[in-house]
Amino acid sequence: MKGLALSATALVAAAIMAGTAGAQDGGSVVTKIPVYSWIIWGKNQTNARVSDAGVEGKKAVRVVVPEASGQPGEATAQSAIKGTIPQGSKLRMTVWLKASGTAAGEPGRAILKLKQARPPYGNLAEQKIDVGAEWKAYSLEHVAAQAIPGGSTNVTLQMSIAPQTIDVGPASVTIAN
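Criteria and thresholds
- Residues numbered from 1 in each chain as written.
- Predicted model: local features only at pLDDT ≥ 70, side-chain atom pairs only at ≥ 80, totals over all residues.
- Heavy atoms only, no water.
- Helix = DSSP H or I, 4+ residues; strand = E, 2+ residues; numbered from the N terminus.
- Buried < 20%, exposed > 50% of the residue type's maximum accessible area, 1.4 Å probe, protein only.
- Contact = heavy atoms within 4.5 Å.
- Areas by Shrake-Rupley, 256 points an atom, 1.4 Å probe, with all protein chains shown as cover.
- Core = buried A, V, L, I, M, F, W, Y, C linked by side-chain atoms within 4.5 Å.
- Pairing = 2+ DSSP bridges.
- Axes fitted to C-alpha atoms, helices over the stretch in contact; angles between N-to-C directions.
- Salt bridge = Lys/Arg side-chain N within 4 Å of Asp/Glu carboxyl O.
- Phe/Tyr/Trp six-rings, centres within 6.5 Å; stacked < 30°, edge-to-face > 60°.
- Lys NZ or Arg CZ within 6 Å of the ring centre and 35° of its normal.
- Polar contact = N/O pair within 3.5 Å; in protein donor to acceptor, adjacent residues only side chain to side chain.

**Q** Please explain the overall build of the protein as it appears in this structure.
**A** The number of helices and strands found in the protein is zero helices and twelve strands. Counting from the amino terminus, the protein carries its helices and strands in the arrangement β-β-β-β-β-β-β-β-β-β-β-β. In the protein, which comprises 177 residues, the proportion classed as buried is 46%. Residue pairs at least 24 apart in sequence account for 81% of intrachain contacts in the protein once pairs closer than 6 positions are excluded. If you sum the accessible surface of the protein, you get close to 8,000 Å²; carbon and sulfur atoms cover 53% of it.

**Q** Where do I start with the nonpolar core in this structure?
**A** The tendency in soluble globular proteins is for nonpolar side chains to be buried as a group. Within the largest apolar cluster, 36 residues are counted, with the highest numbers of intra-cluster contacts made by Trp38, Leu97, Leu157, Met159 and Val168. Those residues in contact with Leu157, other than ones at most four positions away along the chain, are Ala75, Thr76, Ala77, Leu97, Ala110, Ile111, Leu112, Ile129 and Val168. Counting six residues, the second-largest nonpolar core is a separate cluster that includes Val50, Val55, Ala60 and Ala137.

**Q** Is there a simple way to think about the sheet that holds strand E3 (residues 39-41) in this case?
**A** Sheet strands line up and pair through hydrogen bonds in the backbone, either parallel or antiparallel. Here five strands make up an open sheet; going across it, the order is E3-E6-E11-E8-E9 and the pairing antiparallel. Edge positions in the open sheet fall to E3 and strand E9 (123-131), since each of these has one partner strand only. Going across the sheet, the axis of each strand differs from the next one's by a mean of 20 degrees, ignoring polarity. Two strands pair when backbone bridges link them, and strand E6 (residues 76-80) and strand E11 (residues 153-158) are joined in this way by five bridges, in the antiparallel orientation. Bridging across to E11, Ala77 finds its partner in Leu157.

**Q** What is the right way to look at the pattern of salt bridges in this model?
**A** Pairing of side chains with opposite charge becomes possible as their charged atoms draw close. Taken as a whole and judged by the stated rule, the model has seven salt bridges. Of the charged contacts in the structure, one is a salt bridge between Lys98 and Asp52, with a shortest N-O distance of 2.7 Å. With Lys98 in strand E7 (residues 90-100) and Asp52 in the loop between strand E4 (46-51) and strand E5 (59-65), this pair connects stretches of sequence that are 46 residues apart. A residue is classified by how much of its surface remains accessible, and Lys98, at 17% relative accessible area, is buried. With a shortest N-O distance of 2.9 Å, Arg109 and Asp130 are connected by a salt bridge. Remark: Asp130 occurs in strand E9 and Arg109 occurs in strand E8 (residues 108-116); sequence separation between them is 21 residues. Beyond isolated ion pairs, a larger network of salt bridges with shared partners links Lys90, Arg92 and Glu141.

**Q** I keep staring at the packing of aromatic side chains and nothing clicks. Help me out?
**A** Geometry of an aromatic ring pair is reported as the spacing of the ring centres plus the angle between the planes. Applying the stated criterion across every chain yields a total of zero aromatic pairs. The positively charged end of Arg49 is found above the aromatic ring belonging to Tyr36, 4.0 Å away from the centroid.

**Q** Just to check I follow, could you spell out the pairing of E5 for this structure?
**A** The side chains of a regular strand alternate, residue by residue, between the two faces of the sheet. Pairing of E4 with E5, which is carried by six bridges, proceeds in the antiparallel orientation. Paired with Arg49 across the strands is Val61, a residue of E5. Pairing geometry for E5 and strand E12 (residues 164-175), over five bridges, is antiparallel. Directly across from Val61, in E12, lies its bridge partner Val168.

**Q** What should I look at first to understand the side chain of Gln158 in this one?
**A** One can find Gln158 in strand E11. Of note is the side chain of Gln158, whose polar atom sits 3.1 Å from the side chain of Lys113.

**Q** Looking at this structure, I do not really get the environment of Ala99. What am I missing?
**A** Take Ala99: it is sitting in strand E7. Distance from Ala99 to Arg109, taken between C-alpha atoms, is 8.4 Å for residues ten residues apart in sequence. Here Ala99 is in contact with Gly108, Val131, Gly132, Ala133, Thr165 and Ile166, once residues within four sequence places are set aside.

**Q** Where do I start with the environment of Ser37 in this structure?
**A** Within the secondary structure, Ser37 sits in the loop between strand E2 (28-33) and E3. Taking relative accessible area as the criterion, Ser37 reaches 35% and is therefore assigned partly exposed. Placed 134 residues apart in sequence, Ser37 and Ala171 show a C-alpha to C-alpha distance of 9.7 Å. Not counting residues within four places of it along the chain, the set of residues in contact with Ser37 comprises Gln78 and Ser79.

Printed below as a string of structure tokens:
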């Protein structure tokens, strides 16, 4: 979408650990992403629904990436941000993840993004993350340089970086107060 390109000074992006996938900091929820709302796609992956008592909601989607690819998006999970985001809002996108099937002792590797849902499909914010073997909520923060209409952006997780298995749990997008 034209006009959503942001200057580096307008971005506040950091991978941080969060305690829940909801509005734990008192912020308002823009979008909640239940596990089965993720759209999983790409030629370098297979996926299946799984039950896991260790994650919020006790359900996940297991994404198996058989080999590394030069294109991280060849194994992608994404979901639309449905709510409108006012200009100047501080967003927190949070997703529950767990990795397995990695090289001995290595973390899983992924890229968490806030991405335009329409051409030119530009990245508004992104952060490389190392995914541990235990369930954790991983977050990306971003300050909206202008208003973002509902449905015009996606939360995206790209995983075709290494041979690995990543379980993708629920997610949310909140606006800090």
